[in-house]
Amino acid sequence: MLFDDTYKTIAKPAEGVFRDKGSKFIAYAFPAGTEEEAKVFVANVRSAHPKARHHCWALRLGPDKTSFRINDDGEPSGTAGRPILNTLLSAGLTNVIVIVVRYFGGTLLGVPGLINAYKTATSEALKVAEVAEKTINDIYRFNFDYLQMNDVMRIIKEENLHIRKQDYDNDCSVEVEIRKMQLNTVLERFSKIDGLRQRYLYTV
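Residues numbered from 1 in each chain as written. Predicted model: local features only at pLDDT ≥ 70, side-chain atom pairs only at ≥ 80, totals over all residues. Heavy atoms only, no water.

If you check an unreviewed UniProt entry, the chain appears there as YigZ family protein from Arcticibacter tournemirensis. A UniProt comment under Sequence similarities (unreviewed entry) is attached to the chain, and it reads "Belongs to the IMPACT family." (UniProt positions renumbered as here; feature names shortened; annotations may be inferred.)

Okay, here's the thing in structure tokens:
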């Protein structure tokens, strides 16, 4: 089986609305690569809707899709964050936070009604979201002597690597993104440059 080094996320924010028995549920989906980024979106939505009864959310992170957080924000346990997350799981999306704002309409919806409302509002937002497929990339730093610049840049150009940072002084360094599928080939090529030092930094 071929190794899949891609994942799906959303390209830009999207919004969806669902109404039931007077209650209004507004779902906001945002691309978010870290928990810190996600917290900013939650704070922004809260400040935009100060009179809303609840601001429930679910966050799924990482190219491997294994990291997630949910928050029911006062709704009965399991009726808000979990249905939002399950909708993200069904869509196969990661690096996404969905925040659903609820304005209470005066009539209780009950557990099944709440689960359906949070799920449907999330679905409405994801339905209009622009889905983007991204590759899983490892970030490496290479340190080398100035005289080896041509060898390093040749590999970067031939392997079509994206440079994130560069510093070309006497001791040169460059940080590049290497797609997982290319990793072994690229690292083997760099290892043939005498004296070049490589260091794995993180994965995006």
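Asker: Which residues make up the nonpolar core, and what values go with them?
Answerer: If you look at the biggest cluster of nonpolar residues, it comprises 24 residues, and the most contacted ones within it are Phe25, Ile84, Val98, Val100 and Tyr118. Counting residues per element, the ones that place at least two in this core are β2 (14-20), β3 (23-31), β4 (54-61), α2 (81-91), β6 (96-103) and α3 (110-128). For this core, the element with the highest residue contribution is α3, accounting for six residues. Aside from chain neighbours lying at most four places away, what touches Val100 is Phe25, Ile26, Ala27, His54, His55, Cys56, Ile84, Tyr118, Ala121 and Thr122. (Core = buried A, V, L, I, M, F, W, Y, C linked by side-chain atoms within 4.5 Å. Buried < 20%, exposed > 50% of the residue type's maximum accessible area, 1.4 Å probe, protein only. Helix = DSSP H or I, 4+ residues; strand = E, 2+ residues; numbered from the N terminus. Contact = heavy atoms within 4.5 Å.)

Asker: Quick rundown of the UniProt feature "domain: Impact N-terminal" (unreviewed entry) in the chain? Include the residues and the values.
Answerer: Mapped onto this structure's residue numbering, the UniProt feature "domain: Impact N-terminal" (unreviewed entry) falls at residues 21-126. Within residues 21-126, the helical portion is 40% and the strand portion 28%, while the C-alpha atoms at the span's ends are 23 Å from each other.

Asker: So what's going on with the domain arrangement of the chain? Residues and values would help.
Answerer: Domain annotation of the chain identifies domain 1 (6-134) and domain 2 (136-203). Centre-to-centre separation of domain 1 and domain 2, based on C-alpha positions: 39 Å. (Domains from an automatic or database assignment.)

Asker: Residues and numbers for the packing of α2 against α3, please.
Answerer: It is at 8 Å that the axes of α2 and α3 come closest, and there the two elements cross at 40 degrees. For the element pair α2 / α3, the angle class is oblique. You can see that α2 and α3 cross each other, and the crossing is right-handed. Residues Pro83, Ile84, Thr87, Leu88 and Ala91 of α2 lie in contact with α3, whose contacting residues are Ile115, Tyr118, Lys119, Thr122, Ser123 and Leu126. Of the residues belonging to the contact of α2 with α3, the class tally is seven nonpolar, three polar and one charged. (Axes fitted to C-alpha atoms, helices over the stretch in contact; angles between N-to-C directions. Parallel < 35°, antiparallel > 145°, perpendicular 65-115°, else oblique. Left-handed = near helix turned anticlockwise from the far one by under 90°. Nonpolar A, V, L, I, M, F, W, Y, C, P; charged D, E, K, R; others polar.)

Asker: Which residues make up the sheet that holds β2, and what are the values?
Answerer: On the basis of which strands lie adjacent, the open sheet formed by five strands has the order β2-β3-β6-β4-β5 and antiparallel pairing. The open sheet terminates on both sides in strands that have one partner only, identified here as β2 and β5 (67-71). Across the sheet, the axes of successive neighbouring strands diverge by a mean angle of 15 degrees, strand direction being ignored. Bridging between β4 and β5 involves five bridges; their strand directions are antiparallel. Across the sheet, the residue bridging to Leu59 is Arg69, located in β5. Running at roughly 35 degrees to β4, α2 makes contact with β4, β5 and β6 of the sheet. Across the sheet, α3 touches β2, β3, β4 and β6, and the angle it forms with β2 is around 150 degrees. (Pairing = 2+ DSSP bridges.)

Asker: Outline unusual backbone geometry, supporting the account with residue identities and numerical values.
Answerer: Even without being glycine, Lys21 reaches a positive phi, approximately 50 degrees. Looking at where Lys21 falls in the secondary structure, it is placed in the loop between β2 and β3. The phi torsion at Asp73 lies on the positive side, around 45 degrees, for a residue other than glycine. In this structure, Asp73 sits in the loop between β5 and α2. Using a relative accessible area of 22% as the deciding quantity, one classes Asp73 as partly exposed.

Asker: Requested: an account of the packing of aromatic side chains, with residues and values cited.
Answerer: For the structure on display, the rule yields seven aromatic pairs. With 4.3 Å between their ring centres and 5 degrees between their planes, Phe30 and Phe41 make a pair best called stacked. One end of the pair, Phe30, is in strand β3; the other, Phe41, is in helix α1 (residues 35-48), and eleven residues separate them in sequence. In this structure, Phe30 and Phe41 share a single accessibility class: buried. When the ring of Phe142 is compared with that of Phe190, the centres are 4.0 Å apart and the planes differ by 25 degrees; the resulting orientation is stacked. With Phe142 in strand β8 (residues 137-145) and Phe190 in helix α5 (residues 183-191), this residue pair connects regions lying 48 residues apart in the sequence. Accessibility assignment for this pair places Phe142 and Phe190 in one class, buried. Ring-pair connections join several aromatic residues into one group, and the members of that group are Tyr140, Phe142, Phe190 and Tyr200. (Phe/Tyr/Trp six-rings, centres within 6.5 Å; stacked < 30°, edge-to-face > 60°.)

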